[in-house]
Amino acid sequence: MSVALAACVVLVSLSAGLLAVAAWLWATRRRTSIPGPPTLPLLGNALIFYKLPVLWDRLAELHSRYGDIFRFYVGPKLVIVLTQPEDVKCVLLGSKPRQREPYVADVLRTFMGDGLLSINGGTWKRHRKNLEPAFHIEELEKFMDKFNDAGRFLCELLAEKKGTEVELYHPLMHTALRSVVATIVGVDLEWILPGRFRQAEVVDLVTDFGKTLSVVTLAVSGVETTSCAMGYVLCALGLYPEWQDLAQSELDDYFGTGGDYLRSVTPADVANLKAIDAIMKETGRLFTTVPCMPYLVTEDTPLSGGRHVAPQRSTVLIAYYLMHRHPELFPEPDKFDPGRFLEGGSAKSRKAYSYSPFGIGARKCIGNRYAVLQMKVVLATILRRYRILPGTSRGQLEESVISISSHPITGFRVTCVPREKVPSNSV
Ligand code: HEM
């Protein structure tokens, strides 16, 4: 037999073997009564996601067609999408430990090593218990100086743009990375990497390749999420100037018009910045940074009041983004209205767990308070100095990618111009 013929025989046998395995996996896939699009043999609904990047509207379309609970198959893998807090509670609350979907955990592990995000079981429980005290509010308030430094650093980066349009992703990542290194690692980034340009190279490294384990662990769980959340808030402030007016007049009232107008933000200040708080919450609702999170179902779990069951070893995708835009949970869901989160606003009496930008249950975000405190300090620092003008349009913000941290494909673009009102003698 010639070598070419032998190679052909091996190739055909291998393909037949693979096909047989794929056919077996397909035939034994998890079944469900939950509605969803028609499937193709072996591929399931994988073609729905063939066009990359996958944008938010892809899941929104399935939601409007199939209702509050729907399914799709990626090959033989059954994925059940949940958009109602009652169903989310069934999966995420309760005494059973929650497991990250193994495929996603493997991907995270490839980039980050064994971080809290990617591990499961007893190891996760031990790590979480050890880390939690470091994220108590009294501990976080010790970082106020570093958060204020982060705000001033971002202002310096914006000043270099001299009032021209800026794409915020890189400056925000640079700021958040410095802040995480200074607070959580406890080292000034300047000591490790003197010079702005070398630091910028690290930001590129983190952004593009994800090479260094510890840096990337921080980058994925803390830096990128905070940067994208800030990007959405700054774009929203540009697009909705009436809310920016409210935030700035609150800052002007609170910090006064004297020589210490630009002083550092304190924990007491943060507690009083109601407009910034409401703007951040509404942005987190409308432009959910972590739009969905997959979990492995460890036992048959009844859903929709017992009408359906999520079979053991299927995947549930908690679609926080769809829940936040559900008209029954948030009236006029597409309207940017931070007033919902102000005193007397409709979101103040919302259904339990309907608003969950940081997740729900035992595996909810450990960095929630850290992120909120840091973002408020940085926003209070920028908004006293700059007026944000719109760049990325509302339509472009809607064209955001489904990823661990969402971001618009056209980037976070704004223009920052110095405010006229800042007292000239302020520090
Ligand atoms: C605005 C910024 C942030 C957002 C929107 C966010 C959101 C989330 C969400 C939705 C989850 C998953 C919850 C779930 O599984 O249902 C999560 C998990 C996690 N986040 Fe955040 N996060 C942010 C900032 C941070 C920061 C600053 C840190 C660290 C300093 C951090 C560390 C983590 C870790 C370690 C986990 C995994 C927790 C576990 O599995 O036990 N996050 N985050």
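Scroll up a little and you will see the structure.
The rules behind the values
- Residues numbered from 1 in each chain as written.
- Predicted model: local features only at pLDDT ≥ 70, side-chain atom pairs only at ≥ 80, totals over all residues.
- Heavy atoms only, no water.
- Pairing = 2+ DSSP bridges.
- Helix = DSSP H or I, 4+ residues; strand = E, 2+ residues; numbered from the N terminus.
- Patch = residues over 30% accessible without salt bridge, like charges linked within 9 Å, V, L, I, M, F, W, Y side chains within 5 Å.
- Areas by Shrake-Rupley, 256 points an atom, 1.4 Å probe, with all protein chains shown as cover.
- Salt bridge = Lys/Arg side-chain N within 4 Å of Asp/Glu carboxyl O.
- Buried < 20%, exposed > 50% of the residue type's maximum accessible area, 1.4 Å probe, protein only.
- 1 Å grid on protein atoms, 1.4 Å probe; cavity = no way out; pocket = protein on both sides within 12 Å on 5 of 7 lines; lining within 4 Å.
- Points joined across faces, edges and corners; volume = space filled by probe spheres on them.
- Nonpolar A, V, L, I, M, F, W, Y, C, P; charged D, E, K, R; others polar.
- Near = heavy atom within 4 Å.
- Polar contact = N/O pair within 3.5 Å; in protein donor to acceptor, adjacent residues only side chain to side chain.
- Axes fitted to C-alpha atoms, helices over the stretch in contact; angles between N-to-C directions.
- Phe/Tyr/Trp six-rings, centres within 6.5 Å; stacked < 30°, edge-to-face > 60°.
- Lys NZ or Arg CZ within 6 Å of the ring centre and 35° of its normal.
- Disulfide = S-S within 2.5 Å.

Novice: Give me the lowdown on the sheet that holds strand S8 (residues 315-318), citing residues and values where you can.
Specialist: Spatial ordering of the open sheet is given by S1-S2-S8-S5-S3, a layout of 5 strands whose pairing is mixed. Across the chains shown, the open sheet's two edge strands, defined by having one partner strand only, are strand S1 (69-74) and strand S3 (99-100). Examined bridge by bridge, strand S5 (residues 293-296) and S8 share 4 bridges and lie antiparallel to one another. The residue of S8 that forms the bridge with Met 293 is Ile 318.

Novice: Kindly report on unusual backbone geometry, identifying the contributing residues and their values.
Specialist: A cis geometry characterises the amide bond from Leu 52 onward to Pro 53, with omega recorded as -5°. Note on placement: Pro 53 falls in the loop between helix H1 (3-27) and helix H2 (56-66). Positive phi, normally seen in glycine, also occurs at Leu 42, with a value near 70°. Residue placement: Leu 42 occurs in the loop between H1 and H2. With a phi close to 70°, Tyr 353 is a non-glycine residue in the positive phi region.

Novice: Please provide a residue-by-residue account of a nonpolar patch on the surface, values included.
Specialist: On the surface, Leu 40, Leu 43, Leu 47 and Tyr 50 cluster together to form a nonpolar patch covering roughly 410 Å² of accessible area. Tracing the backbone through its elements, the reader meets Leu 43 in the loop between H1 and H2. A relative accessible area of 41% places Leu 43 in the partly exposed class.

Novice: Residues and numbers for empty space enclosed by the protein, please.
Specialist: What the rule picks out here adds up to 1 cavity of 30 Å³ or more. When its volume is computed, the largest cavity comes out at roughly 80 Å³. Surrounding the largest cavity, Ala 150, Leu 154, Leu 172, Thr 175, Ala 176, Thr 226, Ser 227, Met 230, Gln 374, Met 375 and Val 378 form its lining. Within the residue set of the lining of the largest cavity, elements represented by two or more residues are helix H7 (144-159), helix H8 (169-185), helix H11 (213-239) and helix H16 (368-385). Of the residues contributing to the lining of the largest cavity, the split by class is 7 nonpolar, 4 polar and no charged.

Novice: Account for the site of the ligand, with residues named and values stated.
Specialist: If you check the shell around the ligand, you find 27 residues, and the closest are Trp 124, Arg 128, Tyr 295, Tyr 320 and Cys 365. Interatomic distance of 2.8 Å between a side-chain N/O atom of Arg 100 and an oxygen atom of the ligand. Between Tyr 320 and the ligand, the recorded distance is 2.7 Å, taken from a side-chain N or O atom to an oxygen atom. Where the shell around the ligand is concerned, the elements lending two or more residues are helix H5 (121-131), H11, S5 and H16. Among the elements that line the shell around the ligand, the one with the most residues is H11, at 5 residues. Across the shell around the ligand, the residue classes tally to 16 nonpolar, 7 polar and 4 charged.

Novice: Which residues make up the sheet that holds strand S10 (residues 413-418), and what values go with them?
Specialist: On the basis of which strands lie adjacent, the open sheet formed by 3 strands has the order S4-S10-S9 and antiparallel pairing. Both outer strands of the open sheet, strand S4 (165-167) and strand S9 (386-390), are each paired with one neighbouring strand and no more. Neighbour to neighbour, the strand axes of the sheet diverge by 40° on average, direction disregarded.

Novice: Now, about the pairing of strand S2 (residues 77-82): what can you tell me, with residues and values included?
Specialist: Of all 6 residues in S2, 5 are buried, a share of seventy percent or more. Direction of pairing for S1 relative to S2: antiparallel, over a ladder of 6 bridges. Residue pairing for S2: Arg 71 is matched across the bridge by Ile 80. Counting the residues in the hairpin turn of S1 and S2 gives 2 residues, including Gly 75, whose phi is positive at 60°.

Novice: Which residues make up the packing of aromatic side chains, and what values go with them?
Specialist: A full pass over the atoms with the stated rule returns 14 aromatic pairs. Arranged with centres 6.2 Å apart and planes meeting at 70°, the rings of Phe 143 and Tyr 370 form a pair that is edge-to-face. You can see Phe 143 sitting in the loop between helix H6 (137-140) and H7 and its partner Tyr 370 sitting in helix H16, a full 227 residues away along the chain. Classification of Phe 143 by relative accessible area gives buried; the value is 18%. Between Tyr 254 and Phe 255 the ring centres are 5.7 Å apart and the planes differ by 75°, which places this aromatic pair in the edge-to-face class. Judged by its relative accessible area of 32%, Tyr 254 is partly exposed. Judged by its relative accessible area of 4%, Phe 255 falls in the buried class. The ring of Phe 153 is capped by Arg 178, whose NZ or CZ atom sits 4.0 Å from the centre of that ring.

Novice: I'd like to hear about the pattern of salt bridges, residue by residue, with values.
Specialist: Applying the stated criterion across every chain yields a total of 16 salt bridges. In this structure, Lys 351 and Glu 86 form a salt bridge, with 2.9 Å as the shortest nitrogen-oxygen distance. Of the two residues, Lys 351 sits in the loop between helix H15 (320-324) and H16 while Glu 86 sits in helix H3 (residues 85-92), which places them 265 residues apart along the sequence. Overall, Glu 86 belongs to the partly exposed group, its relative accessible area being 35%. The partner of Glu 139 in a salt bridge is Lys 142, and the shortest N-O contact between them spans 3.1 Å. With a relative accessible area of 31%, Glu 139 lands in the partly exposed category. One connected set of salt bridges, linked through shared partners, spans Arg 325, Asp 334, Arg 394 and Glu 398.

Novice: Please give an account of the state of the cysteines that cites residues and values.
Specialist: Tallied over the full model, the rule gives 0 disulfides. In this structure Cys 416 is not part of a disulfide, and its nearest cysteine sulfur, from Cys 155, lies 8.6 Å away. Judged by its relative accessible area of 4%, Cys 416 is buried.

Structural measurements only, silent on function.
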